[in-house]
Amino acid sequence: MGGRPNISPKGSFQVLDDEHVMFADIHSPQTIANLSVNPQLSAIVFDPATRHGCRVWGTAEIFTSGDLFDKMNAGLAARNMVAKHVVVVTVDNFVTF
């Protein structure tokens, strides 16, 4: 959007492994458009129940099919949601708070 970063809440953030996190695009076309142009990403994940979270910096890769896409959609089905994309982030750095 005019070279400005897009921010939108992601309630689907999940740790994939020691080097990757992922989230679903339910309805965030601007996020996907921005990541398609520049895959660098920074995200804040916050758990209001524990009042703890982390900030993640990394590089995003967008998926529209495959095992991770299917796994994410299986988990979202219980919430009556469907992912249009799954974004996998290779984590470069993170801080907890």
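Residues numbered from 1 in each chain as written. Predicted model: local features only at pLDDT ≥ 70, side-chain atom pairs only at ≥ 80, totals over all residues. Heavy atoms only, no water.

Draft legend 1. Fine view of the environment of Asn-93. Relative to the helices and strands, Asn-93 is located in strand S5 (residues 85-96). By relative accessible area, which is 44% here, Asn-93 ends up partly exposed. Taking the C-alpha atoms as reference points, Asn-93 and Phe-63, separated by 30 residues in sequence, lie 22 Å from one another. (Helix = DSSP H or I, 4+ residues; strand = E, 2+ residues; numbered from the N terminus. Buried < 20%, exposed > 50% of the residue type's maximum accessible area, 1.4 Å probe, protein only.)

Draft legend 2. Examining a nonpolar patch on the surface more closely. On the surface, Ile-44, Phe-46 and Phe-97 cluster together to form a nonpolar patch covering roughly 320 Å² of accessible area. By the element assignment, Phe-46 lies in strand S3 (residues 40-47). Phe-46 gets classed as partly exposed once you look at its relative accessible area, which sits at 43%. (Patch = residues over 30% accessible without salt bridge, like charges linked within 9 Å, V, L, I, M, F, W, Y side chains within 5 Å. Areas by Shrake-Rupley, 256 points an atom, 1.4 Å probe, with all protein chains shown as cover. Salt bridge = Lys/Arg side-chain N within 4 Å of Asp/Glu carboxyl O.)

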